[in-house]
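Here are the chains, one letter per residue:
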Amino acid sequence: MPDVPVLPGRGHALSLHDTRMGTVRATEPGPTARMYVCGITPYDATHMGHAFTYVTFDLVHRAWRDAGHDVHYVQNVTDIDDPLLERAVETGQDWREIADRETALFREDMEALNVLPPRDYIGAVESIPSVASYVEDLQIRGSVYAVDSDLYFRVGQDPSFGEVSGLTRPEMVRIFAERGGDPDRPGKEDPLDCLVWQSERPHEPAWDTSLGHGRPGWHIECTAIALDHLGMGFDVQGGGSDLVFPHHEMCAAEAQVLMQQEPFAHHYVHSAMVSWQGHKMSKSRGNLVFVSALRHSGVRPMAIRLALLAHHYRADWAWTPQGLEGAEDRLDLWLRATHLGQGPDAAPVLDRVRQALADDLRTPRALDAIDAWCMAAESGDGSDPDAPALIASLADSLLGVRLA
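Everything numeric here is computed off the predicted structure, so don't read it as measured data.

## Regarding the pairing of strand β10 (residues 212–216)
Note: strand β8 (residues 194–199) against β10, 3 bridges, orientation antiparallel. Paired with Gln 198 across the two strands is Arg 215, which belongs to β10. Sheet topology places strand β9 (residues 207–209) next to β10; 3 bridges connect them, and they run antiparallel. Across the sheet, the residue bridging to Trp 207 is Gly 214, located in β10. Taking the residues that link successive antiparallel strands as the turn, the β9-β10 hairpin has 2 residues.

## A look at the sheet that holds β9
Pairing between sheet strands relies on hydrogen bonds along the backbone, with the strands arranged either parallel or antiparallel. The strand order across the open sheet formed by 5 strands is β6-β7-β8-β10-β9, and the pairing between neighbours is antiparallel. The strands lining the two open edges of the sheet, one partner per strand, are β6 (144–147) and β9. Put simply, the sheet's adjacent strands are angled 40 degrees from each other on average, direction ignored. Inspection of the sheet shows strand β7 (residues 150–153) paired to β8 by 3 bridges, in the antiparallel sense. Within β8, the residue paired with Leu 151 across the bridge is Trp 197.

## As for the nonpolar core
Met 48, Trp 319, Trp 334, Ile 370, Leu 399 and Val 401 are the most contacted members of the largest nonpolar core, which has 73 residues in total. By residue number, the principal contributor to this core is helix α1 (residues 48–66), which donates 10 residues. If we ignore the near neighbours within four places in the chain, the residues touching Leu 399 are Leu 59, Arg 62, Arg 305, Leu 309, Trp 334, Leu 357, Ala 366, Leu 367, Ile 370 and Leu 394. Counting residues in each nonpolar core, the second largest holds 45 residues, with Cys 251, Ala 253, Leu 258 and Phe 264 among its members.

About the thresholds
- Residues numbered from 1 in each chain as written.
- Predicted model: local features only at pLDDT ≥ 70, side-chain atom pairs only at ≥ 80, totals over all residues.
- Heavy atoms only, no water.
- Pairing = 2+ DSSP bridges.
- Helix = DSSP H or I, 4+ residues; strand = E, 2+ residues; numbered from the N terminus.
- Axes fitted to C-alpha atoms, helices over the stretch in contact; angles between N-to-C directions.
- Core = buried A, V, L, I, M, F, W, Y, C linked by side-chain atoms within 4.5 Å.
- Buried < 20%, exposed > 50% of the residue type's maximum accessible area, 1.4 Å probe, protein only.
- Contact = heavy atoms within 4.5 Å.

Structure representation (structure tokens):
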């Protein structure tokens, strides 16, 4: 955890868009705000879509801290999954070496972007004993059945299934097939039932558990990790918008059947997709801009962060070289202005930035407020010798932009 400047006063209560309710509403954490954000599958480097997601939830983390909350932030890493195993076969490398290397690179990228780390960073592999225990609990409840030697969760056991995404059943079946599901597998009771335990496959890793020799399904891993570290009813479940269905829908259903209570999370918050060359950035398509590649080419990490912050987290957008150039210019402006000996009163800027973030993370509005102060300072307005330091502190503390 890096040092985060402490600002005068206290931030405002944070409101966020809740996918399940379809509206912006206040978060209402207790003294400790609890957040779970789904992590990477580490078979390739961190691209701008990843960075946009984790910078978004870093802002949530920072806004809660500024409002006086302790923050219990949990993130997973899916260090065993089909895409990782496929990459190992393609490259002839051991899947564990790929996972370890790419997880380390992800952490380096996040540190460079000044993303505050989670309190708990949990791998899927280390959660396998917990997953097996939860699947056994689902079996006791009659919520799991076998197809051949694999185990499936009965999504119909959760009366509120479908409320997170708000999709129709035909839409769910279609998207399930597109995003790792198997609606057409013979023997399933319901096309939407999801895999919670996969028996051993030839030439694939497997673990000995009370369920047999195998490995977890995707969704149950996050369910188990969130329940173990945060419990039910935590404040925010976060991730990219491509996780709304099936992942977050399935995680909520599994947890709510396990615990016989609702909700799994009070807010479901999702960041938008980032495109490049006319398509959403995706590893399958290969149209990626990597954080590490930009860093190694000499691009300043704080310019990358500013390029991300220029877009509201719920609006899909396209990465462009021009956007990065604009972020470089903005960073230079902020650096020049905050290294002057004086400037206009910065207290109103602090309040405007706090208000912008509290209103569903309106980062473009926050950047505009700092831009206006910096341009005024450069033009010679104001004589407050403490103002430049306060602007630098609020940029770091609230937006994660270091101006040292």
